[in-house]
Protein chains: 6
Amino acid sequence: MTDARGGLPLLSPMSEVAGRMSVQVGAHHLEKEQGGAGILLGGVPGVPAGDVVVIGGGVSGTNAVRMAMGLEARVTVIEKNLQRLYDLDLQFGPSLNTRYSTVEAIEELVTNADLVIGAVLVPGAAAPKLVTREMVKAMRPGAVMVDIAIDQGGCFETSRPTSHDKPTYIEHDVVHYCVTNMPGAVARTSTFALNNATLPFVLALADKGYAKALGDDPHLQHGLNVHKGDLAYKAVADSLGLPYTGWTA
Amino acid sequence: MTDARGGLPLLSPMSEVAGRMSVQVGAHHLEKEQGGAGILLGGVPGVPAGDVVVIGGGVSGTNAVRMAMGLEARVTVIEKNLQRLYDLDLQFGPSLNTRYSTVEAIEELVTNADLVIGAVLVPGAAAPKLVTREMVKAMRPGAVMVDIAIDQGGCFETSRPTSHDKPTYIEHDVVHYCVTNMPGAVARTSTFALNNATLPFVLALADKGYAKALGDDPHLQHGLNVHKGDLAYKAVADSLGLPYTGWTA
Amino acid sequence: MTDARGGLPLLSPMSEVAGRMSVQVGAHHLEKEQGGAGILLGGVPGVPAGDVVVIGGGVSGTNAVRMAMGLEARVTVIEKNLQRLYDLDLQFGPSLNTRYSTVEAIEELVTNADLVIGAVLVPGAAAPKLVTREMVKAMRPGAVMVDIAIDQGGCFETSRPTSHDKPTYIEHDVVHYCVTNMPGAVARTSTFALNNATLPFVLALADKGYAKALGDDPHLQHGLNVHKGDLAYKAVADSLGLPYTGWTA
Amino acid sequence: MTDARGGLPLLSPMSEVAGRMSVQVGAHHLEKEQGGAGILLGGVPGVPAGDVVVIGGGVSGTNAVRMAMGLEARVTVIEKNLQRLYDLDLQFGPSLNTRYSTVEAIEELVTNADLVIGAVLVPGAAAPKLVTREMVKAMRPGAVMVDIAIDQGGCFETSRPTSHDKPTYIEHDVVHYCVTNMPGAVARTSTFALNNATLPFVLALADKGYAKALGDDPHLQHGLNVHKGDLAYKAVADSLGLPYTGWTA
Amino acid sequence: MTDARGGLPLLSPMSEVAGRMSVQVGAHHLEKEQGGAGILLGGVPGVPAGDVVVIGGGVSGTNAVRMAMGLEARVTVIEKNLQRLYDLDLQFGPSLNTRYSTVEAIEELVTNADLVIGAVLVPGAAAPKLVTREMVKAMRPGAVMVDIAIDQGGCFETSRPTSHDKPTYIEHDVVHYCVTNMPGAVARTSTFALNNATLPFVLALADKGYAKALGDDPHLQHGLNVHKGDLAYKAVADSLGLPYTGWTA
Amino acid sequence: MTDARGGLPLLSPMSEVAGRMSVQVGAHHLEKEQGGAGILLGGVPGVPAGDVVVIGGGVSGTNAVRMAMGLEARVTVIEKNLQRLYDLDLQFGPSLNTRYSTVEAIEELVTNADLVIGAVLVPGAAAPKLVTREMVKAMRPGAVMVDIAIDQGGCFETSRPTSHDKPTYIEHDVVHYCVTNMPGAVARTSTFALNNATLPFVLALADKGYAKALGDDPHLQHGLNVHKGDLAYKAVADSLGLPYTGWTA
């Protein structure tokens, strides 16, 4: 589903929650007992703060930036849409480092980071592998990576899905946190957030029936993936190599 | 040891680290898998943030406040020194709720909190039990308490020391985190912080010998607890019921 | 009249002025001599600030929020458009509580407030009565309500229009301020604000004549309510139950 | 009474309340119906904000500054203690104009102000008349003056005490607000504030008796004006031309 | 070239750089040795800051505002688009004075300024002469003017192009800085900024050839001024009085 | 001369001015035409900002930090007094990097900086040479150094005094700005600042004569270097190897 600004209103709350949680889990796994380097993200006066790199400046990346800055880390966001970089600069001011996304920038920043947060989302498609295995090998021992995009396959080459039971594994001395369904850990907050977002659509579906509701609201219609056995969402059809039929009432 | 403002320069860095960590561990244990209520401290737009109560506005309390506000929780600090309340108000502005410490204020705030941080430090003496068992019983299930004062005996009646191996236990449905030596989890940051603080004193002791160094610097002298079998620190002597001898070269 | 973002450029300045004034009049009427509870909105360090609830996050609501936060009250805004809630969160940060609009949220917040500001505007239509008489009865004695929407009929069930001569009345022990034409009290500021907003349209009308000016500018055209005896504005026609004719040169 | 920083701990809360209220009453009386110029303190975008001048940067002046900046006025504080000017600059940043107190600075700023707040307090002595009648004559019609120092005789030459019943009078076309006991209007907030400040002293007096309590605490002792018929406070003795006896148990 | 919001993506980085530099060169030329009045833009506590007036609130004007506020000057921006004034107010808050653009406002503000920055850009057309010679004559001796619009002919009547070799001249006792190609002075920063902005278009041209690239992307197409001898950009054609042919593959 | 906090009230205003100017001259000399690397201190969104290192966190260093952060550079301050580091952290928040002063920290930071500001002041004694020639050799070509301590001999090994006529020279490809009497360039601001600071002392000297004025005010007395042929200031006497006589009326 989409909204008037091209956003994804139903995914947004979950992306917000995951983005905010990513910093909290990153800070936790930087503790020595969790396999991390024993670094406090914000440092203390006289001792340098940790370096956080957030790849992707969409909803989840922006929320990760916000929490990482709240914990007083040194934060850089990498983003390929220049207008979005401007907006992030406007929102966070000069305390946030903004970098245009190139392979060189990613490599330079990731290999010097204490915490890397992968927040790349291509709606309906697999996430691109922006951090390669070679880059991970070059990272500091005890660094932490959190892959928010794991539900779309992950944006680190070394990512593989984990669960809340055993959220991390260590590869090349780097802690990987790749829990699918991150927002489940804060179910109470997530449920309220989702209710706020779905209520208007639920009311529309209940009042009008699905056919009319979808016909009236192109954004709701964009939320349809499969309809009567046909693929109604183009990006999914493309990424699966199946025919795209669109939607007709 | 003391400094010219009556502070404790060697404990300060560890109090800073513990104060900052307390929010990070509090956020972590509010996750469902850790026994918490499944609440994200900062909420998301449209969903209320969690309520954090910090008892004590000294070094560790102030650092806890700072991180809790950074994670966008609703934060109240309770402090009995009115001048200190003014300073906190000056530092954090109206976003921080400041409350004068009375039994009523503590009870009202603690029983409505999602996260309570005990940050009461009476130099050289046992911490007062400001949160009673009755108050803990009245808290919400899944709330979290972090007792930074556990090294001085703790400031919650229900606190008992834990370790980084098994940092929490649940009592009256409330998660208790009472790890002694919290800063050990971020050893890298803590070590740098401690080095910065001790270096000037170490240099003085090495250059001058202990007798002259202590004679020259009353703050260093205040750091002496036992000297040639006698108790040289008054508060310790008082709390142990032993005679206080002071220090003479 | 509308602008390219769907705003109302000529009403905006008056909504800004009314929104900002609403907090100033609210603070004034919380004084004991005016019938209020004798509460200072911002409190002082150690004493809780007053609770302000702003219903509606449009132009006047946003300006009310801004002034209430400026006076250091604890402020919550209630809004039914989730995207607008996100924007308010972005603008004001975590110091502002944002709540999605439901009957339950309104009831909970209004009955615990010291000052309620009604800032609901449905262009060209009557304001909905979001605060019921029952809610008003449950409010604290000496609380204050300011109904900015009074020119559209008011958004509290207990509102009835007042004037600058006698701006308030007390009902159910709650002070009601329902002055129509609030901006008149700060005529000097209002006049400048209105001049800035109308100048471009006035110049267009003067230069081109009304027919061409309206033909050239759809936003100006939207400002037309009645044209040659016909209703040219759909929402007005609908709310009066009269036929809507649109506009043709 | 004094505190360790030379402050006045029992007067402080009332000075805070009065300082904060002074802006609220100033804004109110700038409304046309109250005799003011019809100016909204914060203006709106595109329309200049009102000019507020606060004379004196102590407790009440600082609180006035804070509220006036909160309402988005353009604020200048005049102060004769350069160190205090630095502190105010540190607290409020470049948005606050700070001016060293000279007759020229006062004249220039007062005659161009929309709201002048007199916040000059000389402990135990009469307030100096820093704003002369000539300056008031040169002010804009409809400007407002609030004299917080009225309890010490006022710091404007044209001030005379008023009450909450009839708080203002107009002289030289300028609205004068000179209510003695301003904090009485927000009695609820004031009472809590005063309780917080007096509680430690009350407990000391009750526990120890007045003689021992005064003997133990030089700050409490400074609060004594008359003791067994003798004047125990030097500034009062001096300003009354009576002998000063000090205090002895 | 344009972008989806009507911006000019390739000019934007250069406008940003020029806007930011304008304050830096303004501050430099206010030094006595450079012919200026010997004023430090931000003043110091107790001494008034300098007055900066920025004419035009587009990309370069906004960046100038940002740096001037960063240096703690008193800044006013003049803008004729009311919506843009609102946005600037939102971005910078009450510390920025925003004024609607009228001849009177420009005259009043310019003649009282220490530094005037001309940041008016009409895409593809000559800049309007908003500051007249008469206004310049009325300015303070030693004031500084920086004309960012000099590449479009300048927006001060007294402007004439200069170079980095001899960047200023003095006319009517006012220092004029009118260097064309300002961003050349910080070539390293400018080059990176331009690369970020052009990369996507360069890739499109390289991959697809110019005809298809222009056909696919209307924004790229808007960047075309002359095509096969014809004028393909309307504003340029209009300002040169030549026929406009548009573009066809 | 000293003040009650151990500060230097007459030097403070000049240190403030020099500290603020140091960033302005640094930014200017980073321009290519001035020999610099062609870097804009604040960068633009997507392009990294310049790195500024301020050595010394006293009055001039703090003012340099403030302006450098205002221009949106990435700023690190190096300071050996831990309490002062805490105060700077409190004042500027996490956007400022604070580092405890060690030879290693200075070397690491200086050799990676675009602009180094030397702001080390030891009252009455020669400044220590904290930046060695070897460090300067390791800096980037086109980097800029500003030595505010040049009046006390400079704190870079490669510093030699310059004047406003020819303010810089290049050594090891690094631009050195070592103008003595920097505040002279903004004479107007400096004069007002100095007047504010000296007025109280001038009045005391005029009213009482120098002997009584010095006898009454130990801070004024500290300002005396030579009295009737004897050295009355200990640090000067020590650094010159001459006997110290103190002061007696």
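Here, the structure is the one placed above.
Summary of the structure given here. What you see is a predicted model, and the numbers here were worked out from it, not measured in a lab.

**Things to note about empty space enclosed by the protein**
Consideration 1: In total, this model carries seven cavities of 30 Å³ or more according to the counting rule given.
Consideration 2: Taken as a whole, the largest cavity holds about 130 Å³ of empty space.
Consideration 3: In terms of lining residues, the largest cavity is bounded by 15 residues, among which Gly42, Val47 and Ala49 of chain B together with Asp89 and Leu96 of chain C are the most central.
Consideration 4: Of the residues assigned to the lining of the largest cavity, the class counts are seven nonpolar, four polar and four charged.
Consideration 5: By volume, the second largest cavity amounts to about 50 Å³.
Consideration 6: Taken together, Leu40, Leu41, Gly42, Gly43 and Leu71 of chain E together with Arg20, Gln24 and Met67 of chain F form the lining of the second largest cavity.
Consideration 7: Class assignment for the residues of the lining of the second largest cavity results in four nonpolar, three polar and one charged.

**Topic: the side chain of Glu16 of chain D**
Consideration 1: Assignment of secondary structure puts Glu16 of chain D in helix H1 (residues 11-29).
Consideration 2: Buried charge without a partner: Glu16 of chain D forms no salt bridge, and the closest opposite charge is Arg20 of chain D, 5.1 Å away.
Consideration 3: If near-sequence neighbours (up to four positions away) are discounted, Glu16 of chain D is found in contact with Tyr86 of chain B, Val44 and Pro45 of chain C together with Val59 and Asn63 of chain D.

**Considerations on the interface of chain D and chain B**
Consideration 1: Between chain D and chain B, the residue contacts involve 12 residues of the former and nine residues of the latter.
Consideration 2: Where chain D touches chain B, the interface holds one salt bridge.
Consideration 3: Across the pair Arg66 of chain D and Asp89 of chain B runs a salt bridge, and its minimum N-O distance is 2.7 Å.
Consideration 4: Of all the secondary structure elements, the ones that give two or more residues to the side of chain D that touches chain B are H1 and helix H6 (187-208) of chain D.

**Observations regarding the interface of chain A and chain B**
Consideration 1: With 36 residues of chain A at the interface, the matching set in chain B holds 36 residues.
Consideration 2: Here chain A and chain B share an interface that buries about 3,300 Å² over both sides, 59% of which is from carbon and sulfur atoms.
Consideration 3: Summed over the shared surface of chain A and chain B, the result is four salt bridges.
Consideration 4: Secondary structure elements with two or more residues in the side of chain A that touches chain B: helix H1 (11-29), helix H2 (59-70) and helix H6 (187-208) of chain A.
Consideration 5: When residues of the side of chain A that touches chain B are assigned to their parent elements, the largest contribution, eight residues, is made by H1 of chain A.

Calculation rules
- The written sequence of each chain sets the order in which its residues are numbered from 1.
- Chain letters and ligand numbers both follow the written order, the letters beginning at A and the numbers at 1.
- Local features in a predicted model are, by the rule used here, given only for residues with pLDDT of at least 70; side-chain atom pairs are given and counted only at 80 or more, and totals for whole chains, interfaces and linings are based on all residues.
- By convention in this description, side-chain values take in all heavy atoms of the structure and omit both hydrogens and water.
- For each structure, a 1 Å grid was placed over the protein atoms alone; sets of points admitting a 1.4 Å probe that cannot get out are labelled cavities, open sets with protein on both sides within 12 Å along at least five of seven lines are labelled pockets, and lining residues have an atom within 4 Å of a point.
- Grid points are joined across faces, edges and corners, and a volume is the space filled by probe spheres set on the points.
- In the scheme used here, Gly and all other residues not listed as nonpolar or charged are polar, with Ala, Val, Leu, Ile, Met, Phe, Trp, Tyr, Cys and Pro taken as nonpolar and Asp, Glu, Lys and Arg as charged.
- To qualify as a helix, a DSSP run of H or I must reach at least 4 residues; to qualify as a strand, a run of E must reach at least 2; elements of each kind are numbered from the N terminus.
- Exposure classes here rest on a 1.4 Å probe applied to the protein chains alone. A residue is buried below 20% of its type maximum, exposed above 50%, and partly exposed in between.
- We treat Lys and Arg as the positive residues and Asp and Glu as the negative residues; His and chain ends play no part in the count.
- We define a salt bridge as a contact between a side-chain nitrogen of Lys or Arg and a carboxyl oxygen of Asp or Glu at a distance within 4 Å.
- Note on contacts: a residue pair qualifies if any of its non-hydrogen atoms lie within 4.5 Å across the two residues.
- When two parts are put together, the accessible area they lose, computed with a 1.4 Å probe and summed over both, is reported as buried area.

Any functional reading would require information beyond the geometric quantities listed.
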